[in-house]
Amino acid sequence: ELGYFTHDPSFGTTASCESEITFIDGDKGVLLHRGYPIEQLAENSNYIETAYLLIHGELPNAEEFATFSNIIRRHTMINESLKKFFDGFRHDAHPMSMMMGVVGSLAAFYHDGLNMNDEEHLMVSAHRLISKLPTIAAACYKHSIGEPIVYPRNDLDYCENLLYMMFSVPCEDYVVSPIAAKALNLLFILHADHEQNASTSTVRLVGSTGANPFACISAGIAALWGPAHGGANEGVLTMLDEIGSVENIPKFLEKAKDKNDPFKLMGFGHRVYKNFDPRATIIRKVCYEVLEETGTQDPMFELAMKLEEIALKDEYFVERKLYPNVDFYSGVIYKALGIPVSMFTVMFALARTSGWVSHWLEMMADPKGRIGRPRQLYKGSPKRDYVSLDER
Ligand code: SDX
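Quick caveat: nothing in here was measured; it's all calculated off a predicted structure.

Student: Can you walk me through the site of the ligand in this structure?
Tutor: The local shell around the ligand holds 25 residues, among which His 194, Lys 264, His 270, Lys 274 and Arg 279 are the closest. Between a nitrogen atom of the ligand and a main-chain N or O atom of Ala 228, the distance comes to 2.9 Å. The side chain of Asn 325 places a nitrogen or oxygen atom 2.9 Å from an oxygen atom of the ligand. Look at the ligand: alone it shows 1100 Å² of surface, and the protein chains cover 78% of it. Partitioning the shell around the ligand into residue classes produces 10 nonpolar, seven polar and eight charged.

If you want it as structure tokens, here you go:
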């Protein structure tokens with residue numbers, strides 16, 4: 001027991017913390033949220049219900065679900081002053097850079113009245129983050145295309161509202177595609193939480209110092225942005241674009257194997273899953289359905305399928321158990337739904353917000369909670385005396 005950290009030799013590294021939220025068995029490809037298999041949640045649940053489950057630990061009954069949905073739905077507007085932030089960003093700023101900045105600035109609007117020792121205040125902060133992030137995300141997108149920010153509507157559900165705020169324009173009616181809303185709901189369930197991944201561990205570490213929840217989630221967004229993590233979904237599309245055709249696949253597989261080449265096969269491999277990522281299995285099926293329902297003939301998807309087929313037969317990938325992960329297929333679906341590549345990781349951040357706030361609440365409620373302090377193995381110089389400049 002190393003205080004906040006418990007060394008778990010079977011894990012190979014220091015286990016970071018105890019949690020009751022998500023369980024992963026990387027060898028068996030098992031993912032449970034509060035004990036419920038991801039396959040069953042994907043089949044039967046919706047994103048808001050899954051968010052409730054992650055936060056409260058139980059599936060809501062009808063009344064609890066109605067109350068929670070109403071709380072989330074009725075706090076989607078952002079302070080008008082926040083809109084001025086967007087005027088300061090270059091129009092071509094990456095939406096994740098804007099998300100990090102604007103979400104962190106929520107602390108300037110909601111922090112002063114926030115009593116970090118009041119459980120109710122913490123829960124309200126968690127709810128407000130889930131409510132307001134889609135509005136901020138859509139505003140980032142609108143800013144990047146020079147269109148006016150669209151206000152949320154209380155008559156739409158979570159994913160419908162996001163699509164509406166992203167794609168509607170003042171000059172004509174916009175009807176949300178039920179196919180897109182359904183696909184987004186499923187993708188959000190699959191991205192909601194994933195145990196102690198880099199961004200969730202970041203949120204817990206920042207939160208362990210007593211920092212306010214808006215700063216914690218902004219830090220989580222920053223960590224997720226990296227191409228080795230949530231930025232991979234954008235990286236997959238960029239990679240497929242670079243590969244261009246089936247003929248070029250072998251060349252890129254060789255690049256991925258070359259230790260002197262930093263190129264990695266985006267969307268392949270995982271820190272924990274040494275078997276198929278169960279989310280990828282579900283998403284792969286949804287990919288086919290969405291492309292069929294939207295009538296999208298996407299050569300990018302054909303190329304992705306061919307890359308998957310060839311890589312899964314390649315000794316280097318088979319030996320290292322490198323399978324497609326959740327990011328390999330999600331980008332193809334987002335693209336079919338008309339979501340621009342620059343917004344892919346923003347979609348991931350929106351979905352993961354329910355996981356981040358659940359872990360933050362769990363960490364804040366821990367009576368044994370201590371400040372996070374990752375341990376290190378010192379491999380630097382032994383103790384030595386200072387040498388003056390004229391002797392160096
Ligand atoms: C997410 O942690 C989470 O739960 C994350 C996530 C979540 O929901 O929060 O699941 C979301 O981040 C999914 C991962 C998305 N990232 C990518 O798709 C980027 C490409 N993948 C790689 O960067 C890599 O696979 C990582 C970062 C995901 C994992 O890196 P690891 O832990 O170093 O991989 P490993 O230990 O299994 O690697 C074993 C070997 C190494 O080579 P050798 O030293 O044995 O010769 O496989 C190689 C690695 O270099 N390898 C790859 C590779 N991934 C691992 N080689 C080429 N292409 C790859 N994609």
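Having seen the model, we can carry on.
Student: Quick question: what am I supposed to make of the pairing of strand β4 (residues 30-33) here?
Tutor: The side chains of a regular strand alternate, first on one face of the sheet and then on the other. Of the two faces of β4, only one is covered, namely that formed by Leu 31 and His 33; the face formed by Val 30 and Leu 32 stays uncovered. Looking at chain direction, strand β3 (residues 22-25) and β4 are connected through four bridges and run antiparallel. Bridge pairing in β4 places Phe 23 opposite Leu 32. In this sheet, strand β5 (residues 36-37) lies alongside β4 in antiparallel orientation, the contact comprising two bridges. Looking at β5, one finds that Leu 32 is bridged to Pro 37. Taken together, β4 and the strand that follows it, β5, pair antiparallel across an intervening segment of two residues, in which Arg 34 is found at a positive phi of about 50 degrees.

Student: Is there a simple way to think about the nonpolar core in this case?
Tutor: By size, the foremost hydrophobic cluster in this structure holds 120 residues, and its most contacted members are Met 99, Leu 184, Phe 188, Leu 265 and Met 347. Residues contacting Met 99, with those up to four places away along its chain left out, are Gly 104, Leu 133, Ile 136, Ala 137, Cys 140, Ile 221, Val 346 and Leu 350.

Student: Is there a simple way to think about the packing of aromatic side chains in this case?
Tutor: The geometry of an aromatic ring pair is captured by the separation of the ring centres together with the interplanar angle, meaning the angle of the planes. Scanning the model with the defined rule gives 13 aromatic pairs in all. Summarising the aromatic geometry, the rings of Phe 328 and Tyr 329 are spaced 5.0 Å apart at their centres and angled 85 degrees between planes, so their arrangement reads as edge-to-face. We classify Tyr 329 as buried; its relative accessible area is 0%. One Lys or Arg, Arg 153, reaches over the ring of Tyr 164 and ends 4.8 Å from the middle of that ring.

Rules and cut-offs
Residues numbered from 1 in each chain as written. Predicted model: local features only at pLDDT ≥ 70, side-chain atom pairs only at ≥ 80, totals over all residues. Heavy atoms only, no water. Near = heavy atom within 4 Å. Polar contact = N/O pair within 3.5 Å; in protein donor to acceptor, adjacent residues only side chain to side chain. Areas by Shrake-Rupley, 256 points an atom, 1.4 Å probe, with all protein chains shown as cover. Nonpolar A, V, L, I, M, F, W, Y, C, P; charged D, E, K, R; others polar. Buried < 20%, exposed > 50% of the residue type's maximum accessible area, 1.4 Å probe, protein only. Helix = DSSP H or I, 4+ residues; strand = E, 2+ residues; numbered from the N terminus. Pairing = 2+ DSSP bridges. Core = buried A, V, L, I, M, F, W, Y, C linked by side-chain atoms within 4.5 Å. Contact = heavy atoms within 4.5 Å. Phe/Tyr/Trp six-rings, centres within 6.5 Å; stacked < 30°, edge-to-face > 60°. Lys NZ or Arg CZ within 6 Å of the ring centre and 35° of its normal.

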